[in-house]
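# Observations on the model geometry
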Amino acid sequence: MNVSALLAANGRKYPDKPALVAGDAELTFAEWNDRASRWAYRLREHGVEPGDRVVLMLPNCPEFAVFYIAVIRCQALVVPINARSTQEEVRYICEHAGAKALIVHEALVHAVNEWIEQGTNLLAIKTGGSQGVWLGTAAWEIGEDVLGKLDEFAIDPDAPNLTEESEVSILYTSGTTGRPKGVLYTHRSLLTVATMMAIELSIHHRSRILQLMPLSHSAPLHLFFISGLMVGATQVMALTFSPELLLSLVQKHRITHFFGAPVAYLLTMKHPEFARYDLSSVEFWMYGGAPLSKEMAAQMEQAYGRDKLACVYGLTEAGPTGTRLLHREHPDKVGSVGNRGVLFAEVEVVDEAGRPVPAGTPGEVRVRGAGSMKAYYNNPEATSEALRDGWLYTGDIGKFDEDGFLWIVDRKKDVMITGGVNVYPKELEQLLERHPAIAEVAVVGLPHPEWGETVTAYVVLVAGADPAHDWLTEVRGFLSGHLADYKLPRQVKVLAQLPRNTSGKVLKHALRDAAAQKEVELT
C-alpha cells in the first residue's frame, strides 16, 4: 500500500462523492484522482524525475491536495512548506532539499519572485496563468487530455512500484532552535499514523473534516488529511483560519472533526456570536501543539463540551504519534497528554542513560513506533542523536504521575540551569499567563558568570499597561508563594511582541541571541 493508491482506490469506490470542498469549488474523488494523474504527467513532461524533491508553497486549497498526490505519482518526494514562509526561508529549504521544482500559489508569488526572477535552476510553477519565468497550471486544464498518455512516463495511480518502505515526503521543522531540519518519511510512516488516528478518533467515510490549520504541518497533514483520504471522508478547506470561518464552516458543512492549536479555540469562543452557531455535528474537537492550562481547559470544556474534546501529543519526527487524552474519560487529568501510547506507539520517560525513571521524576520522553521518521534529510549527525536503539528521543522533558499520566514539563533545550539546579521555563510561563496585565510571556536562561544562567522573563503587556512600571518586582511578587525563590526571574524585559516563526512558535533562541547583542529584535 502507498499514499497514491489510497486516492486511486477511493476514486473507484466513491467516484461521485465530494472529496474536497473549498468555498464554491468542489472535487469528487474521481476528479481529484484524474487531475492528480494529469498533473503528474505535466510534472514529468517538464523534467521532474523519480527521486526529485518538489517544494509546495500552497495554502489549504484543492491545488495543494492535487499536487501532493501528483508529486507522489511522479515517484518524487513532496516537500510542503508554510505558505507564510519568507523568501529567505523558502530559498534555504529549496537549497537544503536540492529541490527540482517549486510550486507556489498565485497569490504568494510576490513573496519569492525576486529570487526566482534572478535566475535559479528550479522549475518554477504557479497556480493560474503563466507569468514571466513562472509556468502556470491554467493551461493544463484546457489543453490536451493526457490521461491516455500516462504510460509515456510509467505513471500508474496505484503506483505499484512504491512500497511502504519507499521515501515519500520531507517536512521541515519549525526551526525554533535555529535552522529547520528536514524530516524524511516513508509511506509506512504516513499510513501508520493515519490508520492510528482513524481508529483512535473514529474517522470514517461519513466523516467531514475541517482543515484550517496549515497542511504544511505534520498533525493536520498526516493525522487528518491522509487519514481522511484513507477512509474516504469529505474534507472542507480554507486558505486561512479565522474564528468566523471556523464557526460558519462547521455549521454550513456539518463538520464532524476539527484539529487546531489551543489558541484557535480560545479566539473562537470569544466571538461575540459564538452561541448563535450550531456546532452540534462535531464529534471531536482535537487540539495539540501547545500546552493547555487547567484554566484554559475549563473554558474550552464550557464552550465546546467536555465529551467532545481530545488532546493529541506527538512530534513531527514521530509522525506525529505519541499519546492522546479524551476529556470525558479523564476530566481530572486534563493538562496531561494521556496515560498510554496510541495505537502502534510506545512511550517512555528516561534518564540520560536511557533508563526509565520512576513516577514523579522528570526525564526525556521517547517514542517507538512505525510512524516515526526515517531520518533527518542530509543530516546524519542529528539523525543519530534523535534515533537510538529503535527509539525516537523527542527532546521533550516529561514525567508520569502516580496514575501513569504523562505531563510535558518543557523542551530539553529550554531547561535552565541556575546554581546547578534545573528550572523549567514552562512552569513560570503558565503562572505568568494568569497575570491580568501580561498578554504573552517567554522565559529563557541568559548566561551568568556565577550562576550559569539567570532566569529572564520577556513579557508583552496588555493594552493600557504601563511599560515603565517596576515589572521585576511585580512579577517576582506575583510568583512568590507559587515557586521556590531560586526559580523566580532575576530580570524582566518588556517587549512590543515576541519573535515568532511563520508557524507562530516563539523563537527563544532569538531572544538569547539578541540579549547577547544587547538588543532585542522586535520584528
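Our structure is the block above this text.
Quick summary incoming for the structure in this document. Nothing here was measured: the structure is a model prediction, and the numbers come from that model.

### Things to note about the overall build of the chain
Within the chain, the secondary structure is distributed over 15 helices and 26 strands. The globule rule puts the C-alpha radius of gyration for 523 residues at 24 Å, and the 24 Å found for the chain is close to it. Here the chain holds 523 residues, and the buried ones make up 55% of them. When contacts within the chain are restricted to residue pairs at least 6 apart in sequence, long-range pairs at least 24 apart make up 66% of them. Total accessible area on the chain stands at roughly 21900 Å², and carbon and sulfur atoms take up 50% of it. Charge-centre separation for the chain: the mean point of 50 positive side chains lies 2 Å from the mean point of 63 negative side chains.

### A look at the sheet that holds strand β13 (residues 284–287)
Strand order in the open sheet formed by eight strands is β2-β1-β11-β10-β12-β13-β14-β15, with mixed pairing between adjacent strands. The sheet terminates laterally at β2 (25–28) and β15 (322–326), the two strands that pair on one side only. Here the average twist between neighbouring strands, direction ignored, is 20 degrees. Across the face of the sheet, helix α8 (residues 218–231) comes into contact with β10 (208–211), β11 (234–237), β12 (257–260) and β13 while running at roughly 150 degrees to β10.

### Here we look at the packing of aromatic side chains
Scanning the model with the defined rule gives 17 aromatic pairs in all. Summarising the aromatic geometry, the rings of Tyr 265 and Trp 285 are spaced 5.9 Å apart at their centres and angled 85 degrees between planes, so their arrangement reads as edge-to-face. Here Trp 285 lies in strand β13 and Tyr 265 lies in helix α10 (residues 262–268), a separation of 20 residues in the sequence. Of the two residues, Tyr 265 and Trp 285, neither departs from the other in class, the shared state being buried. Sitting above the plane of the Tyr 14 ring, Lys 17 keeps its charged end 5.1 Å from the centroid. Lying over the aromatic face of Tyr 277, Arg 276 brings its terminal NZ or CZ to 4.7 Å of the ring centre.

### Description of the sheet that holds strand β24 (residues 438–448)
Taken together, the three strands give an open sheet; going across it, the order is β24-β25-β26, and neighbouring strands pair in mixed fashion. Strand pairing shows two members of the sheet lacking a second neighbour, β24 and β26 (491–495), which therefore form its edges. Within this sheet the neighbouring strands show an average axis-to-axis angle of 25 degrees, counted without direction. Strand direction decides the pairing type here: strand β25 (residues 452–461) and β26, joined by five bridges, are parallel. Among the inter-strand pairings, Tyr 458 is bridged to a residue of β26, identified as Lys 493. On the sheet, helix α14 (residues 471–479) packs against β24, β25 and β26 and is oriented at approximately 115 degrees with respect to β26.

### Description of the nonpolar core
Of all hydrophobic cores here, the largest spans 121 residues; its most connected members are Trp 32, Leu 43, Leu 56, Tyr 68 and Trp 285. For this core, the element with the most residues is helix α3 (residues 62–73), which contributes nine residues. Setting aside anything within four residues of it in sequence, one finds Leu 43 in contact with Val 48, Phe 67, Ala 70, Val 71, Cys 74, Ile 103, Ile 125 and Trp 140. Judged by nonpolar contacts, the second largest core, of 25 residues, contains Ile 81, Ala 99, Ile 116 and Ala 124.

### Concerning unusual backbone geometry
Of note, the bond from Gly 319 into Pro 320 is cis; its omega dihedral lies within 30 degrees of zero at 0 degrees. Its place among the elements puts Pro 320 in the loop between β14 (309–314) and β15. In the Ramachandran plot, Ser 202 falls in the positive-phi region, its phi being about 55 degrees despite a non-glycine side chain. Along the chain, the position of Ser 202 falls in the loop between α7 (187–200) and β10. For Ser 202, a relative accessible area of 36% gives the class partly exposed. A positive phi angle, close to 55 degrees, is found at Asp 389, a residue other than glycine.

### A short note on the side chain of Ser 218
Examined against the element boundaries, Ser 218 turns out to sit in helix α8. Assessed through its relative accessible area of 7%, Ser 218 is described here as buried. A distance of 3.3 Å separates a polar atom in the side chain of Ser 218 from a polar atom in the side chain of Thr 316. Residues in contact with Ser 218, not counting those within four places in the same chain, are Leu 171, Tyr 185, Leu 223, Thr 316, Gly 319 and Pro 320.

### A short note on the pattern of salt bridges
Applying the stated criterion to the full structure yields 32 salt bridges. For Asp 52, the salt bridge goes to Lys 100, with nearest N and O atoms at 2.9 Å. Residue Asp 52 is located in the loop between α2 (29–45) and β3 (53–57), and its partner Lys 100 is located in the loop between α4 (87–97) and β5 (101–104); the two are separated by 48 residues in the primary sequence. Using a relative accessible area of 13% as the deciding quantity, one classes Asp 52 as buried.

### What about the pairing of strand β21 (residues 406–411)?
Taken together, the five bridges between strand β20 (residues 391–400) and β21 define a ladder with antiparallel strand orientation. For Gly 398, the partnering residue across the bridge sits in β21 and is Ile 408. Count of turn residues in the β20/β21 antiparallel hairpin: five residues, of which Gly 404 carries a positive phi of about 85 degrees.

What counts, and where the lines are drawn
- Residues numbered from 1 in each chain as written.
- Predicted model: local features only at pLDDT ≥ 70, side-chain atom pairs only at ≥ 80, totals over all residues.
- Heavy atoms only, no water.
- Helix = DSSP H or I, 4+ residues; strand = E, 2+ residues; numbered from the N terminus.
- Rg over C-alpha atoms; globule rule 2.2 N^0.38 Å.
- Buried < 20%, exposed > 50% of the residue type's maximum accessible area, 1.4 Å probe, protein only.
- Contact = heavy atoms within 4.5 Å.
- Areas by Shrake-Rupley, 256 points an atom, 1.4 Å probe, with all protein chains shown as cover.
- Lys, Arg positive; Asp, Glu negative; His and termini not counted.
- Charge placed at Lys NZ, Arg CZ, Asp CG, Glu CD.
- Pairing = 2+ DSSP bridges.
- Axes fitted to C-alpha atoms, helices over the stretch in contact; angles between N-to-C directions.
- Phe/Tyr/Trp six-rings, centres within 6.5 Å; stacked < 30°, edge-to-face > 60°.
- Lys NZ or Arg CZ within 6 Å of the ring centre and 35° of its normal.
- Core = buried A, V, L, I, M, F, W, Y, C linked by side-chain atoms within 4.5 Å.
- Polar contact = N/O pair within 3.5 Å; in protein donor to acceptor, adjacent residues only side chain to side chain.
- Salt bridge = Lys/Arg side-chain N within 4 Å of Asp/Glu carboxyl O.

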